[in-house]
Amino acid sequence: REVLGTPKNVSISKTPSGKYYAAIVTEQDIPHAPLNGDKIGLDLGLKEFAITSKGEKFENPRYFQKSLRRLQIRQRRLSRKQKSSSNRNKSRLRVANIHEKVANQRQDYQHKISLKLTSENQRISAESLNIKGMVKNRKLAKQISDIAWGNFLTMLEYKGNIYGCEIYYVDRFFPSSKRCSNCGYIKEDLTLATREWECPECQHFWDRDINATLNLMLFCESKIPLEEGKSTPDQLVVRLGMNRNTGSGQEATSEA
Ligand SMILES: [Zn+2]
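Residues numbered from 1 in each chain as written. Predicted model: local features only at pLDDT ≥ 70, side-chain atom pairs only at ≥ 80, totals over all residues. Heavy atoms only, no water.

Quick notes on the packing of aromatic side chains
Phase 1 of the analysis: By the definition in use, this model includes three aromatic pairs.
Phase 2 of the analysis: On the basis of an interplanar angle of 80° and a centroid distance of 4.9 Å, the ring pair of Phe 49 and Phe 152 is categorised as edge-to-face. Pair noted here: Phe 49 is in strand β4 (residues 48-52) and Phe 152 is in helix α5 (residues 149-163), with a separation of 103 residues, a long-range link. The two residues Phe 49 and Phe 152 agree in class, both being buried.
Phase 3 of the analysis: Look at Tyr 63 and Tyr 109: their rings are 6.2 Å apart centre to centre, the planes differ by 80°, and that puts the pair in the edge-to-face class. Of this pair, Tyr 63 sits in helix α1 (residues 63-80) while Tyr 109 sits in helix α2 (residues 86-120); the two residues are 46 residues apart in sequence, bridging distant segments of the chain.
Phase 4 of the analysis: Residue classification places Tyr 63 among the buried residues on the basis of a relative accessible area of 17%. (Phe/Tyr/Trp six-rings, centres within 6.5 Å; stacked < 30°, edge-to-face > 60°. Helix = DSSP H or I, 4+ residues; strand = E, 2+ residues; numbered from the N terminus. Buried < 20%, exposed > 50% of the residue type's maximum accessible area, 1.4 Å probe, protein only.)

Structure, rendered in structure tokens:
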């Protein structure tokens with residue numbers, strides 16, 4: 001493909017499956033797109049990959065899980081091959097190809113969703129995730145590695161700069177699930193198993209995740225006052241990602 005901007009350096013890499021890539025770092029001025037579209041809250045999860053306050057749900061495709069059986073069969077065959085034989089090498093490539101396919105599927109899926117979200121919205125409020133802490137949970141570690149949230153948030157941040165969308169993170173101790181986003185009632189006895197609940201105060205019936213995303217959005221809109229004390233985060237939202245005000249000198253990577 002055509003190289004945009006001034007090339008700065010090139011690095012050549014070879015994947016375990018034997019494909020060569022040249023990554024070209026270029027420098028160019030990328031004009032910031034004006035902020036436009038909706039303001040939404042975003043929740044990332046394992047059951048659904050992402051849920052927005054507009055009620056959109058993106059399924060978790062579990063690419064690794066789906067390839068697991070095939071991978072196990074290939075790996076078993078590989079382990080039986082004689083060392084440094086050409087059959088062993090062929091077998092090794094088959095295993096590497098499965099890993100590569102999973103990584104590509106995941107990458108492709110996340111590119112599509114992050115593009116959709118950043119081009120349709122001007123502000124996304126998400127919960128800050130303690131990914132490292134979560135990966136320590138042995139039962140969930142594999143699923144969490146498969147879902148690659150960190151990678152997805154990086155995409156949201158740089159695409160946000162290009163398509164005009166700010167990404168805000170809310171302190172993860174903010175009780176976004178327990179608070180009724182309609183009236184502010186805090187449902188203290190809400191358990192993880194409760195997927196839907198009715199607010200005893202205003203009788204609004206909630207899908208747990210959608211209510212949480214609405215709270216994240218409202219908090220970033222400053223419609224949830226800090227005086228609510230315990231129910232609000234200690235610290236205000238922090239925005240990560242590139243600084244919107246540096247107009248030039250951003251680096252873009254293109255692969256050919
Ligand atoms: Zn309520």
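Here's the deal with the pairing of strand β6 (residues 121-127)
The side chains of a regular strand alternate between both faces of the sheet.
Phase 1 of the analysis: Judged by how many residues are buried, β6 sits mostly within the fold: five of seven residues are covered.
Phase 2 of the analysis: The pairing of strand β3 (residues 38-44) with β6 spans five bridges and is parallel. By the bridge assignment for β6, Asp 38 is matched with Asn 121.
Phase 3 of the analysis: Strand direction decides the pairing type here: β6 and strand β7 (residues 166-170), joined by five bridges, are parallel. Opposite Glu 127, over in β7, you have Val 170 as the bridge partner. (Pairing = 2+ DSSP bridges.)

Topic: the sheet that holds β7
Phase 1 of the analysis: The mixed open sheet is built from five strands, whose spatial order is β5-β4-β3-β6-β7. The sheet is open, and its two edges are formed by β5 (57-59) and β7, each paired on a single side. Between one strand and the next, the sheet's axes are offset by a mean angle of 20°, whatever the strand orientation.
Phase 2 of the analysis: Where β3 lies against β4, three bridges are found, and the strand directions are antiparallel. Paired with Asp 43 across the strands is Ile 51, a residue of β4.
Phase 3 of the analysis: Of the strands in this sheet, β3, β4, β5 and β6 are in contact with α2, which crosses β6 at around 120°.
Phase 4 of the analysis: On the sheet, α5 packs against β3, β4, β6 and β7 and is oriented at approximately 165° with respect to β3. (Axes fitted to C-alpha atoms, helices over the stretch in contact; angles between N-to-C directions. Contact = heavy atoms within 4.5 Å.)

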